[in-house]
Every structure is written in C-alpha cells, then in structure tokens.
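# Chains, contacts and geometry: an overview
If you want the building blocks of each chain, they are given just below.
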Amino acid sequence: MAKRDYYEVLGVSKDASVADIKSAYRKLAVKDHPDKNPGDREAEERFKEASEAYEVLSDKEKRAQYDRFGHRGLENTFGRDGFQWSDFSHAGDFEDLFGDLFGSFFGGGRRSRRGPASPPAGRDLKIAVELTLEEIAAGVEKKINLNRLERCSACDGSGAARGSSKQTCSTCGGMGQVQQVSRSFFGQSVTVTACPACNGEGSTVTDPCPECRGDGRTRAKTTLTVRIPAGVRSGNYIPLRGQGEAGPRGGPAGDCLVFIEEKAHEQFTRDGNDVIYRLPINFSQAALGDDVKVPTLNGKARMKIPAGTQSGRVFRLRAKGIPDVDGRGVGDELVQVMVWTPQELSSRERELLEELGELDKKRADREGKGFLEKMREAFSS
Ligand SMILES: [Zn+2]
Ligand SMILES: [Zn+2]
C-alpha cells in the first residue's frame with residue numbers, strides 16, 4: 001500500500017508550525033488511541049500512521065529530509081521495515097501531550113519521572129562526499145572511512161573493568177534523582193533534581209576499564225558503505241542512523257550525516273535536473289546541416305543539426321539529463337550550438353570566404369533594409 005503524505009495524514013498545511021502539528025496529532029491520537037478503541041485494528045493503524053507522521057514532522061531535520069525527498073528520504077531513518085513503535089521518540093512526552101488520558105500504551109516506553117536517566121547519546125558525525133555529475137546521474141555506492149569513538153569491546157561500553165560492574169550510586173540509591181525538602185510559609189515543598197554524583201544515571205563506575213578509562217568508548221577506524229540515490233545535489237545529506245560516535249558508558253550512538261558535494265564538470269553545467277552542453281560547430285555545418293555526436297552523462301548521443309541553424313540555438317535531448325531524486329522523471333540535456341569563427345585562414349579558405357562575402361554583399365544590396373531585419377528575426381525565433 002502506498003504511503004499517504006504526512007501532511008495529509010495530520011490534515012495540516014505544508015507550512016504548518018510545530019504547534020499546529022502537535023495539536024493536529026493530539027486530536028487524532030485522542031480519537032484513535034487503542035485504549036479508547038479496544039480491538040479496533042483500523043483505529044490502531046490510523047493511530048500508528050498519525051504517530052509516524054508526527055515523529056517526522058515534529059523533528060526539524062526529519063521534516064526537512066521528508067520535504068526534499070518524500071518518503072524515500074527516510075529510508076535510512078526507519079530502515080527496511082519502515083516505521084516501528086521503537087522509532088517513536090515521543091513516548092516519553094505522552095504525559096505532556098495528553099495529561100493523564102492514557103495508560104502506558106508503549107509498554108514501558110513512557111518514562112517514569114522517578115527513574116534514572118540514560119547515559120548521554122554520542123555525537124553526530126558530518127562527512128562530505130564529492131560526486132561527479134555522472135555519479136549523480138546514475139546513483140552510486142560510496143565507501144566512507146571514519147575514525148570514530150566506538151563502544152569499548154573490553155567492557156562492552158559499560159566503562160567498568162572486567163569482572164567488576166557499575167555500582168548503584170550511593171548518593172541517590174540508583175534513582176538518579178535527589179529530593180530536596182524545604183519548608184516555607186505555604187508548607188512543605190519538594191524539589192527533584194538530577195543526582196550530581198552520577199549525572200542522573202543511577203550508577204557509577206568505581207573500577208574503571210583500563211582500555212577506555214571508564215568512558216566506555218575507544219577510537220577506531222571503520223568503513224561504511226552508503227547508497228546515494230540518483231538526482232541528489234550539493235547540500236543534500238543522507239543520515240545513517242546510529243553510525244555516529246558511541247555515547248559514553250553505553251549511551252546510544254549518534255548519527256553519521258553524509259553531505260553531498262557536487263564536483264564541477266568540465267563539459268556540462270547543471271540546471272536543476274537538466275544539463276547544458278555547449279557544442280561548437282563551424283559555419284558550413286550550421287549552413288548545410290550535419291549529423292554529430294555529442295557527449296552525454298552516460299556515453300554519447302547522435303544529434304541532427306538542421307541546415308540553416310543559427311548560432312546559440314538550443315536542442316533538447318530528452319531524458320539525457322539527471323533523474324529526479326523523487327522519481328518524477330528524468331531531466332534533459334540541452335545542447336546549445338555555438339558557431340565557431342576561424343581565427344587563422346589558409347589562402348584557399350580566404351579565397352572562398354572572400355567570394356562568399358561578395359555574394360552576401362550582393363544579396364544585401366538586392367534585399368535592401370529588409371535583409372538586416374530578416375537576420376535579426378532568425379535569432380529571435
Ligand atoms: Zn572499556
Ligand atoms: Zn546518583
């Protein structure tokens with residue numbers, strides 16, 4: 001089944017604000033939530049569809065990716081099986097979104113306010129790859145060499161030396177939070193803050209792993225393969241989820257963002273999905289017509305130059321350009337012919353041109369003022 005447009009799913013416009021998107025999602029989710037529609041598979045599917053749309057449109061990066069590439073832009077985000085509940089990053093926001101309306105549909109995804117915090121996530125990595133127009137036209141697989149922080153294999157990322165383990169934090173007793181009770185005129189008030197001893201994680205490393213000194217990460221070289229679809233352009237990027245740096249002490253890995261940089265081409269100029277090629281021809285080819293071969297992004301193509309072709313005229317070679325990144329057709333190659341004027345002449349060439357010049361002069365005299373107009377018109381048509 002073809003996926004519906006995310007904006008359509010939420011019933012919002014393309015330029016909807018984050019607040020509009022949140023409010024539209026809240027309305028749909030309240031209507032279709034499984035707690036309110038027990039056993040109704042269709043409502044559950046609608047709820048999941050709306051949650052997927054919300055996951056994408058509420059995130060600036062994912063939304064930009066979707067706006068540019070459509071659903072294909074998120075292939076690397078959600079993987080081959082598409083959106084799963086585990087991809088939903090707002091499970092913890094449910095209280096914020098709906099108050100006490102629902103129980104914990106997400107089976108523990110809804111984070112208790114008292115639990116310890118997870119270790120922080122690793123940094124995103126940004127990598128640039130240079131592509132030729134030929135690679136962009138065909139789509140390409142590229143290998144990327146990274147030198148990144150990876151999960152330490154000696155301690156499996158925990159940061160604790162082999163044979164030891166993380167210790168429950170004695171300051172907060174593993175809760176990750178400490179309470180401060182204060183009395184005031186209004187009575188007793190309780191403030192809850194992240195435990196300063198364990199950064200809110202609930203545990204500490206007392207016997208650090210010698211390989212990573214307790215960080216849970218070591219630096220390593222690795223090679224990734226990234227598939228780049230045809231039709232990309234400079235500034236586009238492919239997110240590789242979880243391929244950034246590992247988080248400290250077993251925290252989730254960041255992403256690797258592969259930015260596209262288009263190399264300038266010696267022969268072609270890109271214009272959207274079209275490419276422009278300038279073909280020099282000589283005067284006799286322009287006047288008499290000719291069959292020529294022109295280079296394309298994947299080889300050569302034959303092209304007919306009709307007799308009487310003016311300099312500057314553009315011929316369109318259909319579908320010889322760059323495929324649209326969203327799969328909407330293929331661009332063209334635009335061949336602009338430029339009549340070349342010789343700068344050195346043999347005596348024979350000079351003779352012939354002088355003779356031709358005489359004939360041109362006679363024609364101009366014969367046709368009078370109208371001749372110049374006729375020449376002008378030939379360029380404007
Ligand atoms: Zn280690
Ligand atoms: Zn603590």
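Residues numbered from 1 in each chain as written. Chains lettered and ligands numbered in written order. Predicted model: local features only at pLDDT ≥ 70, side-chain atom pairs only at ≥ 80, totals over all residues.

### Topic: the pairing of strand E12 (residues 290-296)
Selection criterion: Paired strands are those between which DSSP finds at least two bridges. A run of DSSP states H or I qualifies as a helix once it reaches four residues; a run of E qualifies as a strand once it reaches two. Both are numbered from the N-terminal end.
Bridging between E12 and strand E13 (residues 299-305) involves seven bridges; their strand directions are antiparallel. What sits directly across from Thr296, in E13, is Gly299. Where E12 folds back onto E13 in an antiparallel hairpin, the turn is made up of two residues.

### Considering the confidence of the model for the chain
Where we set the bar: Values of pLDDT, which run from 0 to 100, indicate the predictor's confidence residue by residue. Once C-beta atoms have been placed from the backbone, residue pairs whose C-beta atoms lie within 7 Å are recorded as contacts.
Looking at the chain as a whole, its pLDDT mean stands at 88, while 91% of the residues score no less than 70. Here residues 103-113 is modelled with pLDDT under 50, and outside its nearest four sequence neighbours on either side it reaches twelve contacts, counting other chains as well.

### Points about the sheet that holds strand E15 (residues 333-340)
Our working rule: Helix axes are fitted to C-alpha atoms over the stretch in contact, other axes to C-alpha atoms as well, and angles between N-to-C directions run from 0 to 180 degrees.
Strand order across the open sheet formed by four strands is E10-E11-E15-E14, with mixed pairing between neighbours. Each edge of the open sheet is held by one strand with a lone partner, namely strand E10 (268-271) and strand E14 (314-317). Strand after strand, the sheet turns through a mean of 30° between neighbouring axes, direction not considered. In this structure, E14 lies alongside E15, joined through four bridges in antiparallel fashion. If you follow Phe315 over to E15, its bridge partner there is Val335.

### Side note on the packing of helix H2 (residues 18-32) against helix H3 (residues 41-57)
To keep things clear, this is the line we draw: Here the angle decides the label: under 35 degrees means roughly parallel, over 145 means roughly antiparallel, 65 to 115 means roughly perpendicular, and every other value means oblique. In this scheme, a crossing is called left-handed if the near helix is turned counterclockwise away from the far one by less than a right angle; it is called right-handed if the turn is clockwise. When residues are grouped by polarity, Ala, Val, Leu, Ile, Met, Phe, Trp, Tyr, Cys and Pro land in nonpolar, Asp, Glu, Lys and Arg in charged, and all others, Gly among them, in polar.
Taken N-terminus to C-terminus, the directions of H2 and H3 make an angle of 165°; their axes are 9 Å apart at the nearest point. Comparing the axis directions of H2 and H3 gives the class roughly antiparallel. Of the two possible hands of crossing, H2 and H3 adopt the one that is left-handed. In contact with Ile21, Tyr25, Leu28, Ala29 and Asp32 of H2, H3 contributes Ala43, Arg46, Phe47, Ala50, Tyr54 and Leu57. Looking at side-chain class alone, the contact of H2 with H3 contains nine nonpolar, no polar and two charged residues.

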